[in-house]
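Coordinate inspection notes
Chain by chain, the residues run as shown.
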Amino acid sequence: MKYGLIPESPRETEAVRAHPAMRALLDPFVPALASQVLISAVELGIVDALGRTGVTSDEIADRCQLARADVVMVLDVLRGLGMVQQGGGLAKDSGTAPTSDDEWKLVPWAQDTLLRESPASLCAWVQFNALKRPVLANLSDLLRRGHSFDFDQHLTQAAAWPLQVHAMFETARPIADWVGQQVPVPANAKCLLDLGGGHGAYAAAICRHHPPLRGLVLEQPEVVPHARELSRANGLDQWIEFEAADCKATDLRVYRPDVIFCGNLVHHLPSAQRREFFQQAHEALTGDGVLVVWDLCRTETAPDLVAASFALFFRLTSNGECRSAAQWQTELEKAGFGACRTLAG
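Treat the numbers as computed from the prediction; the structure is a model and nothing was measured. (Residues numbered from 1 in each chain as written. Predicted model: local features only at pLDDT ≥ 70, side-chain atom pairs only at ≥ 80, totals over all residues. Heavy atoms only, no water.)

1. Observations regarding the packing of aromatic side chains
Using the criterion set out here, one finds nine aromatic pairs in the structure. Ring plane angle 40° and centroid distance 6.0 Å describe the contact between F310 and F314, whose orientation is recorded as tilted. Of this pair, F310 and F314 are both found in helix 17 (residues 305-318), four residues apart, which corresponds to roughly one turn of the helix. Arranged with centres 6.4 Å apart and planes meeting at 65°, the rings of F313 and F314 form a pair that is edge-to-face. Note on F314: relative accessible area 13%, which makes it buried. Members of the aromatic cluster, each reached through a chain of ring pairs, are W125, F128, F151, F310, F313 and F314. Across the ring face of F313, the terminal group of K132 is positioned such that the distance to the ring centre comes to 5.1 Å. (Phe/Tyr/Trp six-rings, centres within 6.5 Å; stacked < 30°, edge-to-face > 60°. Helix = DSSP H or I, 4+ residues; strand = E, 2+ residues; numbered from the N terminus. Buried < 20%, exposed > 50% of the residue type's maximum accessible area, 1.4 Å probe, protein only. Lys NZ or Arg CZ within 6 Å of the ring centre and 35° of its normal.)

2. What to know about the pattern of salt bridges
A side chain of one charge can pair with a side chain of the opposite charge when the charged atoms of the two come close. The final tally for this structure, using the stated rule, is 16 salt bridges. A salt bridge links R208 to D177; the nearest nitrogen and oxygen atoms lie 3.0 Å apart. Separated by 31 residues along the polypeptide, R208 in helix 14 (residues 201-209) and D177 in helix 13 (residues 176-182) bring together distant segments of the chain. Judged by its relative accessible area of 32%, D177 is partly exposed. Overlapping salt bridges bring together R274, E321, R323 and E331 as one network. (Salt bridge = Lys/Arg side-chain N within 4 Å of Asp/Glu carboxyl O.)

3. What about the sheet that holds strand 2 (residues 84-86)?
Taken in spatial order, the three strands of this open sheet run 1-3-2, and their pairing is antiparallel. A single partner strand is all that each edge strand has here, and the edge strands are strand 1 (55-56) and strand 2. Judged from the three bridges that link them, strand 2 and strand 3 (residues 103-106) form a sheet pairing that is antiparallel. Bridged to Q86 within strand 3 is W104. (Pairing = 2+ DSSP bridges.)

4. Focus: the nonpolar core
One finds F151, L192, I240 and F261 to be the most contacted residues of the largest nonpolar core, which totals 47 residues. Considering every element that reaches this core, the biggest residue donor is helix 14, with seven residues. If we ignore the near neighbours within four places in the chain, the residues touching F261 are V179, L192, L193, D194, L195, Y202, I206, V292 and W294. By size, the runner-up hydrophobic cluster in this structure holds 28 residues, among which are A41, M83, V107 and A110. (Core = buried A, V, L, I, M, F, W, Y, C linked by side-chain atoms within 4.5 Å. Contact = heavy atoms within 4.5 Å.)

Shown next as structure tokens:
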């Protein structure tokens, strides 16, 4: 997967072909600004003001207490991102009047993912990305020194753990049920240990599909109150409980789990700590127990910009690494696990 200039006319296609310098000219500026515009549009309420029906820039400006001229420029960027439509015959829900050129509306997929009221909303995730600004602003220095940015401390100082938990829940929600169906749970299994599972959506989905399995989510003390509250609000607490613990330093053998689930955890562990972690997980599991590693995999063939970007960010914030599926499997086999199976999600 890649991002880049997308010509929309023969003239633009020819311009990109004839002037390859356009990429070097625009890439350092346009994507960075566009991402900040999206974050600000969510933070300032512009997206919610757009709602599901056509509204004017004056209506948005009044609701958000912003200057109309600024609102229009933000809407123009969102339109360029394919998130907003302007005019073009859009009508109010009443169907009584055609729209004017100053009526704006979110496109259907943006309504589904960017409105706070939507069951598939990613608003918290969008806002969470604003917290990554210090990492990105200091990228050159972090690379030069070879040190990681303490992102957990940054979240604590910003009092942002509730946002972090909600954001991670939003990203898990669309796929948690599918993950729950794929996990090969041993017969009559009763204990699932979810390590660093935050919101617990994955653990709850696995337990829901494999009764009488119950989940225990081990998470940092800063996270547990917010995760427990979110779990109750979404009806997940009937399958899972939470315990405050550093899952990377806890003796897992005391729990004797039938299933251990690691969702987006191992990419935060440096190689030596990861080897020790896998070995301890192997020793902790009951006889036919299962370790599930749900994580980002780096591609082994063509480069993937999305995977590479996340991998670099994780490296900068934890000194960990993302590996290919084959490399993960090799590490697991060295820790004593057999019959490893890879699924792409």
